[in-house]
Amino acid sequence: MPKDTSIKSVLIIGSGPIIIGQACEFDYSGSQSAKSLREEGIEVTLINSNPATIMTDKVTADNIYLLPLEVKSIIKILEAHKIDAVLPTMGGQTALNLALKCEDLGIWKKYNVRMIGVDIDAIKVTEDRDLFRIRMNEIGVAMAPSKIAKSFLEGKNVAQEFGFPLVIRPSFTLGGSGGSVVYEKENFDALLNRGLQTSPIHEVLIDKAVLGWKEFELELLRDASDNVAIICSIENFDPMGVHTGDSITVAPAMTLSDSTYQRMRTMAIKMMRSIGNFAGGCNVQFAVSNDDKEDIIAIEINPRVSRSSALASKATGYPIARIASKLAIGYRLDELINQITKSTSAYFEPTLDYVIVKIPRWNFDKFKGCNRELGFQMKSVGEVMGIGRSFQEALQKACQSLEIKRNGLGADGKEITNQQELLNALERPSWNRLFMIYDAMKIGISIKTIQKLTKIDMWFLGQIEEMIALENEISKFNISGLSKDLLYEAKQKGYADRQIAHLVKCLESEVYSKRTELKINRVFKLVDTCAAEFEAKTPYYYSTFEDENESVRSDKKKVVILGSGPNRIGQGIEFDYSCVHGVLAAKEMGYETIMINCNPETVSTDFSTADKLYFEPVFWEHIYDIILHEKPEGVIVQLGGQTALKLAEKLERYGIKIIGTDFKSLDLAEDRGSFSNLLKDNNIPYPKFGVIKDAEEGIELSKELGFPLLVRPSYVLGGQSMKIVINEEELEQHVVKLLNDLPDNKVLLDHFLEGAIEAESDSICDGTDVYIIGIMEHIEPAGIHSGDSYAVLPPFDLSENVLNQIKDHTRKIALALKTVGLLNIQFAIKDEVVYIIEANPRASRTVPFIAKAYREPYVNYATKVMLGAKLKDFKFNPYQKGYAIKVPVFSYEKFPEIQKELGPEMKSTGEAIYFIDDLYDEYFQNIYSERNLYLSK
């Protein structure tokens, strides 16, 4: 059946700002969907309130509405455009809930808009826990014993009937919000209340907990002719009891017998068909008993693309959102082309000859005093994915991607040896349980004890045990005595040169030299969806250690763009936006583009974005081998946030060209002493400061600078570990803590300007000319991290004198730093004097916000400047009228036990954009009153 030609325009609903449980995987899905529909000649209109995404960029859709995800915004769009169909499956739970609300209010019917990709019945059945339980019972799919509770009293009665442990699952929520495992009766009342309050319909499903069962997911696609394909099977490393978003996951499933997989496959198809008659994607979650019976029960089904859909797409190379969008407009699976092979149909089930491992990334350090135990409520803020020929290789590469100051799993001297601490950590999972399992084995805790406490499948534990046995064998030798076979085995299992160097007590460079001498070289393999049965046409690669290299180097001039790694607080989706625009700009300048990144949620790691994608850790060893293979003109580091920037020093040392602002200038901006001298030479004011090595020096310096003081380390993101202190005792405590947490880092003390107003500018410099793309004024006064502040573009009450100082300082600093590309500067304004807080010669959090407000592709221009263009080559549009407000968004509901106080360390997980015509707007007046409240304190 060909596409439905009656559908000429489609509305895609986005997911809104990034929050825990709903992150940039929906930017990827929405961008893919829009691209897919526009290929078919369909006009795409998109609504989303998140300015940091590619999804809300004019390269993605025909009409973009940066509006709150509310019914009145939908009505505004439907009044302005003839929309034939709405696709709500690309924006997570937020989009589904909004579509359902519009349906209940008769909006779609009034404007004659069809819903595609899902139907209303499917949304209701899957989101209403009671309806879902009834439907599964009707089709004979087993579930854990469960009952619905719509009141506190009903919940108490269910608990009395089932006994403990129990699982509480609120209806119509995302990321497991409000969900919990209740082990003891004493905790039940508070957790039941939280669950009921979290659900928008005041309803929870209470399950008899099946803790310790194994958890699996299947990603499905179905077309209008009822053809169904299973795209990917995913197994959770962690057993039931840990939210799948917080669990390490593996694809394909490792421990399922074939007969059980076939039963699960049949159940999933049956479930998808039972919830509604629609064409699109589904994610189905199952639990399997950890015994020989392998009993299967259904957990839930999501009739939309999910967090795991993005992972499955990157794992298999099968573009789920892209194909699901075409199915939604009427195509059959067998009418569509496999995007990887370009020669076979999309009606097939991918076969993998490699393994992927996803590991979540947490930011518990941002939420002091929070409960770090993992459970049914998701707490991670991002994730990484490693691809390898074996589970062990993929696991090591994923660990190397996390950026948590580890070189991989183990072999770095950072093991914990306290037996009781390890036993406690094994029983109650937290962010570091994988490392605790390794450490427990290392000190001799038996694998049986570990399995008993963690309930993790023996196969996975056995894989880690094998790795430790290999390490023990390697440790018997020095570098000269290490055999080729043993070194080759370590590299095939994913061990970094740094890890091997630790084991044999030598330098990393010596291991590199030895393996090069022995011709143990990294090769690159294609992700091809079909285990090499058909030739792959898409340049999507991962590395391993074998003989055949499948990545063919071209003769074109090329450039490498370093990605930003996993999302975390302080470095989020806005840097992926910048990387994607960097790729597009470099292509327009005639370069072959090479993307290196390890984040499966992003648009930058879609194989259709860059000319070549290397899905690899943003980790020196991997990057260096890719550079040696590809021989690029240079590397762009200023678009990937602090992750890419930290690699600039090594690139410089190894003689690899940094495109744009050079390393010396990047380092000068980070070195507070040198940067302050630059400011002094240019007669630019800055707060009094000093650099210290220990607490004693800090106390002496404080007598000169005067309290209050801002204490902070160098080379960090999101204001990590920054604190304002008001006396010597607080100063000493924080400096000691900083030097313990971040050894070998400089500690900076700045005199804090009380009562100052903050502002910031973003600009582009070509080495000669400077163009200021935007100046923003913060609502909150100095002391609140810029990422947590409301920012207004353009400024609303800064005097002409202050604005002229900001413009003058920006131009002087840009030229003094010899900036080529982007520059962000933060200012403190007090008594009509503008002081410099810091300057960052790289893409900032605010560049996408300004780009969306002024509708200009500033990162595109900046990248072209890095590659040799001049600012005079561009025609900049005049600034838009009115004001844009950057609204920070927090995920505090995940951590109800912490204080929600803001300060110099960033805590927001995302942002939204809000437009106003004038300063009399009620929304602006409300937030402006907050400034007066802060100042009065």
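Reading the values: the criteria
Residues numbered from 1 in each chain as written. Predicted model: local features only at pLDDT ≥ 70, side-chain atom pairs only at ≥ 80, totals over all residues. Heavy atoms only, no water. Pairing = 2+ DSSP bridges. Helix = DSSP H or I, 4+ residues; strand = E, 2+ residues; numbered from the N terminus. Axes fitted to C-alpha atoms, helices over the stretch in contact; angles between N-to-C directions. Phe/Tyr/Trp six-rings, centres within 6.5 Å; stacked < 30°, edge-to-face > 60°. Lys NZ or Arg CZ within 6 Å of the ring centre and 35° of its normal. Buried < 20%, exposed > 50% of the residue type's maximum accessible area, 1.4 Å probe, protein only. Contact = heavy atoms within 4.5 Å. Disulfide = S-S within 2.5 Å. Polar contact = N/O pair within 3.5 Å; in protein donor to acceptor, adjacent residues only side chain to side chain. Core = buried A, V, L, I, M, F, W, Y, C linked by side-chain atoms within 4.5 Å. Parallel < 35°, antiparallel > 145°, perpendicular 65-115°, else oblique. Left-handed = near helix turned anticlockwise from the far one by under 90°. Nonpolar A, V, L, I, M, F, W, Y, C, P; charged D, E, K, R; others polar. Expected span 1.5 Å × (residues − 1). Salt bridge = Lys/Arg side-chain N within 4 Å of Asp/Glu carboxyl O.

Engineer: What exactly am I supposed to notice about the sheet that holds strand β32 (residues 883-889) here?
Structural biologist: Working definition: the strands of a sheet are paired by backbone hydrogen bonds and lie parallel or antiparallel to each other. Ordered in space as β31-β30-β27-β28-β29-β32-β33, the 7 strands form an open sheet in which the pairing is antiparallel. At either end of the open sheet lies a strand with only one pairing partner, and these are β31 (833-840) and β33 (910-916). Going across the sheet, the axis of each strand differs from the next one's by a mean of 25 degrees, ignoring polarity.

Engineer: Explain the packing of aromatic side chains here, please?
Structural biologist: Aromatic ring pairs are described here by two measures, namely the spacing of the ring centres and the angle between the planes. Evaluation of the coordinates by the stated rule reveals 28 aromatic pairs. Ring geometry for W459 and F460: centres 5.3 Å apart, planes at 80 degrees, overall edge-to-face. R222 extends its terminal NZ or CZ atom over the ring of F278, reaching a point 5.0 Å from the ring centre. Over the aromatic face of Y591 sits the side chain of K557, whose NZ or CZ is 4.3 Å from the ring centroid.

Engineer: Whenever I open this one, the pairing of strand β24 (residues 709-713) confuses me. Can you help?
Structural biologist: Residues in a regular strand project their side chains so that they alternate between the two faces of the sheet. Here β24 lies mainly inside the structure; 5 of its 5 residues are buried. With 3 bridges connecting them, β24 and strand β25 (residues 723-725) associate as antiparallel partners. Bridging from a neighbouring strand, V711 pairs with K723 of β25. Here β24 pairs with strand β26 (residues 747-751) via 5 bridges, running antiparallel. Across the sheet, P713 pairs through a bridge with V747, a residue of β26.

Engineer: How should I be thinking about the sheet that holds strand β6 (residues 146-149) in this particular structure?
Structural biologist: The antiparallel open sheet is built from 4 strands, whose spatial order is β6-β9-β7-β8. The sheet is open, and its two edges are formed by β6 and β8 (180-182), each paired on a single side. On average, each strand axis in the sheet is inclined to that of its neighbour by 25 degrees, with strand direction left out of account. Pairing of strand β7 (residues 166-170) with β8 involves 3 bridges; the strand directions are antiparallel. Each residue of the ladder has a partner; that of I168, found in β8, is S180. Most of the contacts of helix α8 (residues 188-198) go to β7, to which it runs at about 20 degrees, and overall it touches β6, β7, β8 and β9 (204-208).

Engineer: Mind showing me how you'd approach the state of the cysteines here?
Structural biologist: Note on terminology: disulfide describes a covalent bond linking the sulfur atoms of two cysteines. Under the counting rule described, the total for this entry stands at 0 disulfides. Left without a disulfide partner, C579 is nearest to the cysteine sulfur of C598, which lies 11 Å away.

Engineer: Which parts of the structure should I look at to understand the environment of S257?
Structural biologist: For S257, the position within the fold is in the loop between β12 (249-251) and α9 (258-275). Given the relative accessible area of 28%, S257 is considered partly exposed. Taking C-alpha positions, S257 is 8.6 Å from E294, a pair spaced 37 residues apart along the chain. Within the local environment of S257, its side chain forms a polar contact with the side chain of T260, the two groups lying 2.8 Å apart.

Engineer: I keep staring at the nonpolar core and nothing clicks. Help me out?
Structural biologist: One recurring pattern in soluble globular proteins: nonpolar side chains tend to sit buried together. Of all hydrophobic cores here, the largest spans 173 residues; its most connected members are I359, V637 and Y858. Those residues in contact with I359, other than ones at most four positions away along the chain, are I248, E383, V384, L395, A398, C399, L402 and L434. Counting residues in hydrophobic clusters, the runner-up holds 56 residues, among them I13, M136, M272 and F286.

Engineer: Teacher, can you tell me more about the packing of helix α20 (residues 573-588) against helix α30 (residues 858-866) here?
Structural biologist: In helix packing, the relevant descriptors are the interaxial angle and the interaxial distance, both defined with respect to the helix axes. In contact at an axis separation of 8 Å, α20 and α30 are set at 55 degrees when each is read in the N-to-C sense. The pairing of α20 with α30 is recorded here as oblique in orientation. The way α20 lies across α30 gives a crossing that is right-handed. Residue-level contacts link Y577, S578, H581, G582, L584, A585, A586 and E588 of α20 to V859, N860, T863 and K864 of α30. A per-class count over the contact of α20 with α30 returns 5 nonpolar, 5 polar and 2 charged.

Engineer: What should I look at first to understand helix α16 (residues 458-474) in this one?
Structural biologist: Owing to its 3.6 residues per turn, the α-helix brings residues three or four apart onto one side. Compared with the 24 Å implied by 1.5 Å per residue over 17 residues, the 24 Å span of α16 between its first and last C-alpha is a close match. Buried within α16 are the following residues: F460, L461, Q463, I464, M467, I468, L470, E471 and I474. Capping the start of α16, D457 holds a side-chain oxygen 2.8 Å from the backbone nitrogen of W459, two or three residues further along.

Engineer: Even after reading the chapter, I still don't get helix α29 (residues 847-854), so can you show me in this structure?
Structural biologist: With respect to burial, α29 is a largely interior element, 8 of its 8 residues being buried. Along α29, the positions that sit buried rather than exposed are V847, P848, F849, I850, A851, K852, A853 and Y854. Looking one or two residues past α29, R855 carries a phi angle of roughly 55 degrees, positive in sign.

Engineer: Where do I start with the side chain of S761 in this structure?
Structural biologist: Locating S761 in the fold gives a position in strand β27 (residues 757-766). When its relative accessible area of 0% is taken as the criterion, S761 is described as buried. Side-chain polar atoms of S761 contact the side chain of T810, separated by 3.1 Å. With near-sequence residues (within four places) excluded, S761 lies in contact with G774, I775, I806, T810, L823, N824, I825 and F827.

Engineer: How should the pattern of salt bridges be read in this particular structure?
Structural biologist: Pairs can form between side chains of opposite charge once their charged atoms are near each other. Tallied over the full model, the rule gives 50 salt bridges. Across the pair R133 and D130 runs a salt bridge, and its minimum N-O distance is 2.4 Å. A residue pair is termed a helical-turn pair when its members lie 3 or 4 positions apart in one helix, as R133 and D130 do in helix α6 (residues 129-138) at 3 residues. By relative accessible area, which is 27% here, R133 ends up partly exposed.

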